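Fold and geometry: a report
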Amino acid sequence: MKIDQFKKTIAVVAACVFTLSNCTDELTTNSSTAISEETVLSSTTGLNMVLRSAYHYMLTNGGLGGASQNEACYAGLPGYCMYYDLGGADIISTTNYGGSPENSYRFAPERTEASSVYSGKIWSTMYKTINQVNVIIDALPAASGTDAEKDVIKGQCLAMRGICYFHLLMNYQQTYAIAKEKRGVILRTSSADPANKAFSTVKEGYAQVVSDLKAAKTLLTQYQRDEMFRVNADVAAGVLARVYQVMGDWQNALAEAKSVYEKHATLMTKEEWYSGFDNLISDGCKELVWGLKYTNLTNIGSNTQFNYWYNQDPSYGEGMTDGPTYSFINLFVDSRYVALFDGSDYRGFKNEQTTGVKDADIKNVMFWHRTANGNKETAAKWTYNKFKYYGDANGAKQGKSYPEFPLMRSSEMLLIMAEASANLGDATTALSYLTTLQKARQVGALTNTTDKNSLLEAIYTERRKELLGEGVTGMYDLLRLQKPLLRYGSTTSNPSGHFPWGLMHLDGYNASDVQPKATLPSNDYRFICQIPQLELANNEAISEADQNPSKGQ
């Protein structure tokens, strides 16, 4: 997008009612064209309006409203959480509702190829956000307002830009460890940058991400946010911990994660976990570092994780619209994931009844079978109760999906601390961090090894158990750790394994095998999106020679 054309849209963007909560600081005007660009960009008040718009794009893809299921995995950062984890071994997607969740799970070519409807969605959302925050940053020096106000706005903008480039780098090139000198993404750090600009390297991209986040953390040191969707110093530090984790910079990963964990060291209770993760902001969950509260103004229709995880109580029936919210009978978990949990771990309580399951039983277990479902394959799969949202149960208001989604929790920081410590050779401290989480979750068989490799594998497993659905397991971990994807198909003896369509686009699948399985090598380009054709067509500084292959390493 040409920068001058983008700037002309700022007045309209700011004049629209783009809010992420029911607060009262939204811009009210009688005409969407009554406020000039100069007015909007000339004060910290106006720039804060544009900043809200940028948040709206980053977190909800601009507010999809009643968008189709094709958008679910691309509905801003919460959608990416579903996208990353669907590319792993633990989640199963039916074909009941189709769209982006099924497509992300299947690894069909259209998932990432440049000509498809999907590959450009992350690209366009992240660059639209980057373009907006660059305009804000460039306008700040001349704008009216205090230096403190400007620091807070600039800090959030820099953090958002770093977050967006982090996601672009992860999705459009192989991981840092093997791709430092490869083609990265296009770094735009000013609204005055030319429309035609070449790619940077992956190493240069990560350097920009780190620079933005470090500067943001400093500028936001005194910032006290009043809305949990906003980025503060803790969020900037937590994202830095993730970035250093991907880079293998363990000393810095440890320091950043520790700085966040020490401020949010009260881990979730059993009752908070069983609440369904849908009210963590309203309930004041101390473990929550960053989260998004959907409202009537930021609702993305039925395309939240809470609707795709089909977990409503049996009393609401087995149809898509029988319950208080839409349920698409879409996402389940593989039997091997269920087997990771021991009997005392409250994250893994199971109910294997085949008839007469009571509502109270379902609310107090994490995994259960939908035995009343008429489809035998669906009835055999494990339902996962982590994300449940019942909305207005009495009024059965379908589609009113206003839950609250966790974008970062301190348990993740604790696990980064454990992984970093193990990689730094401090196995005793790493084990202490790991067992702190395990004890909080009432794990029976605590990890007791200090062997580095065994300890790291235990940490990776704990990440899957604790963080599934939050966007930092699945292909996120597989790529940074350079581990292959391995899925096992369902059989007569294991009917809760993966569907055939979750195996057929991977390698080694043979439906007639006693135990069908399939794999995708680590860092295969089937994980990675191709550069959108529109970018290649419009940017004269790049060419088809810059394009990713569709598969292979």
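For clarity, every value in this text was computed on a predicted model and none was experimentally measured.

1. Re the overall build of the chain
The secondary structure content of the chain amounts to 22 helices and nine strands. Of the contacts formed within the chain by residues at least 6 apart in sequence, a portion of 70% connects residues at least 24 apart. When the accessible surface of the chain is summed, it comes to about 19,900 Å², and 49% of that surface belongs to carbon and sulfur atoms.

2. Here we look at the pairing of strand β7 (residues 404-409)
Among the six residues that make up β7, six are buried, leaving the element largely enclosed by the rest of the structure. Pairing of strand β2 (residues 288-293) with β7, which is carried by five bridges, proceeds in the antiparallel orientation. By the bridge assignment, Trp 290 is partnered in β7 with Met 408.

3. Quick look at the pattern of salt bridges
Counting across every chain of the model gives 30 salt bridges. Between Glu 462 and Arg 347 there is a salt bridge; the shortest N-O distance is 2.5 Å. In this pair, Glu 462 is assigned in helix α20 (residues 452-467) and Arg 347 in the loop between α15 (335-338) and β4 (350-351), connecting sequence segments 115 residues apart. Like Glu 462, the residue Arg 347 is buried in the burial classification. The partner of Glu 462 in a salt bridge is Lys 465, with the nearest N and O atoms 3.5 Å apart. Of this pair, Glu 462 and Lys 465 both sit in helix α20, separated by three residues, roughly a single helical turn. Grouping residues by exposure puts Glu 462 and Lys 465 together as buried. Each of Glu 287, Asp 345, Arg 347, Lys 386, Arg 409, Arg 441, Glu 462, Lys 465, Glu 466 and Glu 470 takes part in one network of salt bridges that share partners.

4. Some details on the packing of aromatic side chains
Under the definition given, this model contains 26 aromatic pairs. Between Tyr 127 and Tyr 165, the aromatic rings sit 6.0 Å apart at their centres with planes inclined by 80°, giving edge-to-face as the arrangement. Of this pair, Tyr 127 sits in helix α7 (residues 119-139) while Tyr 165 sits in helix α8 (residues 147-172); the two residues are 38 residues apart in sequence, bridging distant segments of the chain. Given a relative accessible area of 0%, Tyr 165 falls into the buried group. Look at Phe 341 and Phe 367: their rings are 5.4 Å apart centre to centre, the planes differ by 55°, and that puts the pair in the tilted class. Here Phe 367 lies in strand β5 (residues 367-369) and Phe 341 lies in the loop between α15 and β4, a separation of 26 residues in the sequence.

5. Describing the nonpolar core
Nonpolar side chains in soluble globular proteins tend to end up buried together. The biggest cluster of nonpolar side chains holds 156 residues, and the ones touching the most others in it are Met 58 and Trp 290. Per-element tally for this core: the top contributor is α8, with 13 residues. Once you skip the residues sitting within four places of it in the chain, Met 58 turns out to touch Gly 76, Leu 77, Met 126, Thr 129, Met 160, Ile 163, Cys 164 and Trp 290.

6. Considering the environment of Ala 379
Mapped onto the elements, Ala 379 comes out in helix α17 (residues 376-380). The exposure class of Ala 379 is buried, given its relative accessible area of 15%. If sequence neighbours within four positions are ignored, Ala 379 has contacts with His 369, Arg 370, Thr 371 and Asn 373.

7. Observations regarding helix α5 (residues 76-86)
Counting buried positions along α5 yields eleven of eleven residues, so the element is predominantly enclosed. Among all positions of α5, only Gly 76, Leu 77, Pro 78, Gly 79, Tyr 80, Cys 81, Met 82, Tyr 83, Tyr 84, Asp 85 and Leu 86 are buried.

8. Points about unusual backbone geometry
Here Phe 107, not a glycine, exhibits a phi torsion of approximately 65°, which is positive. If you trace the backbone, Phe 107 turns up in the loop between α6 (99-106) and α7. Although it is not a glycine, Ile 329 adopts a positive phi angle of roughly 50°.

9. Observations concerning the side chain of Ser 410
Looking at where Ser 410 falls in the secondary structure, it is placed in helix α18 (residues 410-423). A polar contact of 2.6 Å, which involves the side chain of Ser 410, links it to the backbone oxygen of His 264. When near neighbours in sequence (up to four residues on either side) are disregarded, Ser 410 contacts Tyr 261, His 264, Leu 267, Glu 287 and Val 289.

10. Overview of the packing of α18 against α20
One way to put it is that α18 packs onto α20 with a least axis distance of 10 Å and a crossing angle of 170°. On the basis of the axis angle, α18 is roughly antiparallel to α20. By crossing handedness, the relation of α18 to α20 is classed as left-handed. Judged by residue contacts, Ser 411, Glu 412, Leu 415, Ile 416, Ala 418, Glu 419, Ala 422 and Asn 423 of α18 engage Lys 452, Leu 455, Leu 456, Ile 459, Tyr 460, Glu 462, Arg 463, Glu 466 and Leu 467 from α20.

11. What about α18?
A rise of 1.5 Å per residue sets the reference length of α18, with its 14 residues, at 20 Å; its end C-alpha atoms lie 20 Å apart and thus fit the reference within 8%. Counted residue by residue, α18 has 13 buried out of 14 residues, so it is predominantly covered. Directly after α18, the chain includes Gly 425, whose backbone phi takes a positive value near 90°.

12. Observations concerning the confidence of the model for the chain
Within the chain, residue pLDDT values average 88, and 89% of them lie at 70 or more. When the criterion is pLDDT under 50, residues 1-34 qualifies, and its contacts beyond four places in sequence or with other chains add up to 71 contacts.

13. As for the pairing of strand β9 (residues 517-520)
On β9, burial follows the alternation: Ala 518 and Leu 520 on one face are buried, whereas Lys 517 and Thr 519 on the facing-out side are not. Examined bridge by bridge, strand β8 (residues 485-488) and β9 share four bridges and lie antiparallel to one another. Looking across to β9, one finds that Leu 485 is bridged to Leu 520.

Rules behind the numbers
Residues numbered from 1 in each chain as written. Predicted model: local features only at pLDDT ≥ 70, side-chain atom pairs only at ≥ 80, totals over all residues. Heavy atoms only, no water. Helix = DSSP H or I, 4+ residues; strand = E, 2+ residues; numbered from the N terminus. Contact = heavy atoms within 4.5 Å. Areas by Shrake-Rupley, 256 points an atom, 1.4 Å probe, with all protein chains shown as cover. Buried < 20%, exposed > 50% of the residue type's maximum accessible area, 1.4 Å probe, protein only. Pairing = 2+ DSSP bridges. Salt bridge = Lys/Arg side-chain N within 4 Å of Asp/Glu carboxyl O. Phe/Tyr/Trp six-rings, centres within 6.5 Å; stacked < 30°, edge-to-face > 60°. Core = buried A, V, L, I, M, F, W, Y, C linked by side-chain atoms within 4.5 Å. Polar contact = N/O pair within 3.5 Å; in protein donor to acceptor, adjacent residues only side chain to side chain. Axes fitted to C-alpha atoms, helices over the stretch in contact; angles between N-to-C directions. Parallel < 35°, antiparallel > 145°, perpendicular 65-115°, else oblique. Left-handed = near helix turned anticlockwise from the far one by under 90°. Expected span 1.5 Å × (residues − 1). pLDDT = per-residue confidence, 0-100.

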